[in-house]
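What follows is each chain in one-letter form.
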Amino acid sequence: VHLQTDLSLKPFNTLSIDATATGLAQVADYSELLQALEWAQQRGLPVLPLGEGSNLVVAGDIDGLLLKQGSDKVELLDASDDTVLLKVDAGKDWHQLVQWTLAQGYFGLENLALIPGAVGAAPIQNIGAYGVEVESFISRVHGVDLATGKTLALAHADCQFGYRDSVFKGALRDKVIITSVEMQLSRHSHPRCHYPALNAWLEDHGITDASAQQVFEAVVAIRSSKLPDPAVEPNAGSFFKNPVIPSAQVQALLAQHPEMPVYPLSHTQAKVPAAWLIDRCGWKGQRDGDVGVHPQHALVLVNYGNCSGSELLAFARRITNSVSEGFGVALEIEPRIYG
Ligand code: FAD
Ligand code: NAP
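Predicted, not measured: the structure shown is a model, and the values here were computed from it. (Residues numbered from 1 in each chain as written. Chains lettered and ligands numbered in written order. Predicted model: local features only at pLDDT ≥ 70, side-chain atom pairs only at ≥ 80, totals over all residues. Heavy atoms only, no water.)

(A) Representation of the site of ligand 2 in the model. Around ligand 2, a shell composed of 18 residues is seen, among which Y163, R164, K226, N242 and K271 lie nearest. Residue Y195 places a side-chain N or O atom 3.1 Å away from an oxygen atom belonging to ligand 2. Within the side chain of K226, an N or O atom sits 2.8 Å from an oxygen atom of ligand 2. Relative to its unbound accessible surface of 800 Å², ligand 2 loses 79% to contact with the protein. Where the shell around ligand 2 is concerned, the elements lending two or more residues are strand 8 (128–129), helix 3 (196–204), helix 4 (212–226) and strand 13 (235–238). When grouped by side-chain class, the residues that make up the shell around ligand 2 number 8 nonpolar, 5 polar and 5 charged. (Near = heavy atom within 4 Å. Polar contact = N/O pair within 3.5 Å; in protein donor to acceptor, adjacent residues only side chain to side chain. Areas by Shrake-Rupley, 256 points an atom, 1.4 Å probe, with all protein chains shown as cover. Helix = DSSP H or I, 4+ residues; strand = E, 2+ residues; numbered from the N terminus. Nonpolar A, V, L, I, M, F, W, Y, C, P; charged D, E, K, R; others polar.)

So this is what it looks like as structure tokens:
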């Protein structure tokens, strides 16, 4: 086990927040994982799974052992004329997996290109973008029970996937570390281009019958032009989830704000873009000291220097308060808060 103690977490979170952790173990396999669990148990420390730190707010010093997995094997478990079943280790970089699958002629992940992070974190919030969610491909999730060290496997239905949600954020939060993910992909390309920004980009570039590779390239181009690179402007992607609210409340809001975008999810509920609400409250581009809202992207909070996790969260609270006062809508923070 590669184990560091009392270390700075600045290089381990994309918001680049400087705080310390009691320990960080980088493990290569199951036996090293067990050694790390034992190390924490002997010291009475909680074990906190860590991927690439791209959906994480380090709110203060962490009294615990962060556990990061290194193994990035991809195994072909099964193949038919139509599909393949892959087992991908938690340490594999997500975007590299997307690129590799396309190169093999395994289709489906192209809309999820360029999402930062490791494969082990993908099921946690059921990563999604451009009209596709990762749960459509996940057949099984393998993990280890952090209390007992025993291995376990969850079928798709047991993962309770929802919009940016899963059982790993609920009943199994802090109880299980994901070690690998089984995914079924197609050997036939069925590009999904209905998402407005994607569709518009393809049209603008004169692409009518897009291939999966063209969808991949479009998503990479759109994301690169729109989203701030954490290496340049440290951020954790969308800081707030898009609120899902009752249709009656949507109607009341539309009466006052007819221009508000609304995406109906059912007869009774609809999704409203958090970015629109935040922008309307005047937060886009606002800054206080080292923390601010990105000038082009109202959902992205940026650490412009050396802001602390508590400063960032205090700023976020001012945003949620003003959206709540202005629209009566409660915004929820998307990233996990540690420390
Ligand atoms: P971390 O940030 O390291 O961890 C996140 C949470 O998952 C933590 O609570 C951690 O405990 C838990 N976790 C991590 N690994 C494991 C494991 N192996 N077992 C158990 N728990 C684990 N998300 C989207 O859904 N769609 C997007 O389009 C998108 N775009 C983004 C763009 C930018 C610029 C950034 C910075 C982030 C974006 N995100 C997006 C959020 C983020 O990329 C995803 O949530 C990603 O899955 C996080 O991976 P990670 O390895 O960095 O996880
Ligand atoms: P966008 O295309 O400007 O759209 C803004 C918002 O409207 C998005 O949040 C999106 O919801 C919603 N939306 C747009 N068209 C929709 C439709 N036809 N049906 C349902 N909802 C619709 O978004 P963006 O900020 O540039 O991001 C592009 C994609 O990448 C989005 O899917 C977004 O979720 C994802 N992304 C996520 C993160 C993160 O950290 N979670 C960061 C960056 C980008 P959805 O979010 O549900 O798609």
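(B) Molecular detail of the packing of aromatic side chains. Taken as a whole and assessed by the stated rule, the structure comprises 5 aromatic pairs. With a centroid separation of 5.2 Å and an interplanar angle of 70 degrees, the aromatic rings of Y130 and Y195 are classed as edge-to-face. Of this pair, Y130 sits in the loop between strand 8 and strand 9 (132–133) while Y195 sits in the loop between strand 12 (176–186) and helix 3, and the two are 65 residues apart along the sequence. Overall, Y195 belongs to the partly exposed group, its relative accessible area being 35%. (Phe/Tyr/Trp six-rings, centres within 6.5 Å; stacked < 30°, edge-to-face > 60°. Buried < 20%, exposed > 50% of the residue type's maximum accessible area, 1.4 Å probe, protein only.)

(C) Local environment of the layout of surface pockets. If you add up the space inside the second largest pocket, you get close to 330 Å³. Every residue lining the second largest pocket is counted, 21 residues in all, and those nearest its centre are Y30, Q69, D89, T179 and S180. Here the element with the most residues in the lining of the second largest pocket is strand 10 (residues 138–145); it accounts for 3 residues. By residue class, the composition of the lining of the second largest pocket is 7 nonpolar, 9 polar and 5 charged. (1 Å grid on protein atoms, 1.4 Å probe; cavity = no way out; pocket = protein on both sides within 12 Å on 5 of 7 lines; lining within 4 Å. Points joined across faces, edges and corners; volume = space filled by probe spheres on them.)

(D) Inspection of the pattern of salt bridges at higher detail. Scanning all chains against the criterion turns up 9 salt bridges. K284 serves as the salt-bridge partner of D279, at 3.7 Å between the closest nitrogen and oxygen. A relative accessible area of 33% places K284 in the partly exposed class. By sharing partners, the salt bridges in this structure join R173, D174 and R336 into a single network. (Salt bridge = Lys/Arg side-chain N within 4 Å of Asp/Glu carboxyl O.)

(E) Representation of the sheet that holds strand 19 (residues 300–303). Ordered by their spatial adjacency, 4 strands build an open sheet running 13-19-18-17, and the pairing between neighbours is antiparallel. Edge strands, defined here as strands with exactly one partner in the open sheet, are strand 13 and strand 17 (287–288). Taken together, the 2 bridges between strand 13 and strand 19 define a ladder with antiparallel strand orientation. Following the sheet pairing, N235 is matched in strand 19 by V302. Along the sheet, helix 7 (residues 309–327) contacts strand 17, strand 18 (291–293) and strand 19; its crossing angle with strand 18, the most-contacted strand, is approximately 35 degrees. (Pairing = 2+ DSSP bridges. Contact = heavy atoms within 4.5 Å. Axes fitted to C-alpha atoms, helices over the stretch in contact; angles between N-to-C directions.)

(F) How the structure looks around unusual backbone geometry. One non-glycine residue with positive phi stands out, namely Y130, at about 50 degrees. Positive phi values are uncommon outside glycine, yet Q160 reaches one of about 50 degrees. Classification of Q160 as exposed rests on a relative accessible area of 54%.

(G) Broad picture of the nonpolar core. If you look at the biggest cluster of nonpolar residues, it comprises 45 residues, and the most contacted ones within it are L66, F239, F240, L277, I278 and L312. Going through the elements one at a time, strand 2 (20–27), strand 3 (47–50), strand 4 (56–58), strand 5 (62–69), helix 5 (247–256), helix 6 (274–280), strand 18 and helix 7 are the ones with two or more residues in this core. Looking at this core element by element, the count peaks at 7 residues for helix 7. In contact with I278, not counting residues within four places along its chain, are F240, W283, K284, A298, L299, I319, V323 and L331. With 44 residues, the next largest nonpolar core counts V141, V167, A210 and V215 among its residues. (Core = buried A, V, L, I, M, F, W, Y, C linked by side-chain atoms within 4.5 Å.)

(H) Just the site of ligand 1, in detail. G51, S54, N55, R223 and Y338 are the nearest of the 32 residues found near ligand 1. Separating an oxygen atom of ligand 1 from a side-chain N or O atom of S54 is a distance of 2.7 Å. In this structure, a nitrogen atom belonging to ligand 1 sits 2.8 Å away from a main-chain N or O atom of G128. Looking at the shell around ligand 1, the elements with two or more residues in it are strand 3, strand 8, strand 12, strand 13 and strand 20 (336–338). Per-class residue counts for the shell around ligand 1 are 17 nonpolar, 11 polar and 4 charged.

(I) How the structure looks around the sheet that holds strand 1 (residues 2–8). Taken together, 4 strands build an open sheet; the order of strands is 1-2-5-3 and the sheet is mixed. Looking at which strands have only one partner, the edges of the open sheet turn out to be strand 1 and strand 3. When the angles between neighbouring strand axes are averaged without regard to direction, this sheet yields 30 degrees. Sheet analysis places strand 1 next to strand 2, joined by 6 bridges and oriented antiparallel. Bridged to H2 within strand 2 is Q26.

Read these as layout, nothing more, since geometry by itself doesn't imply function.
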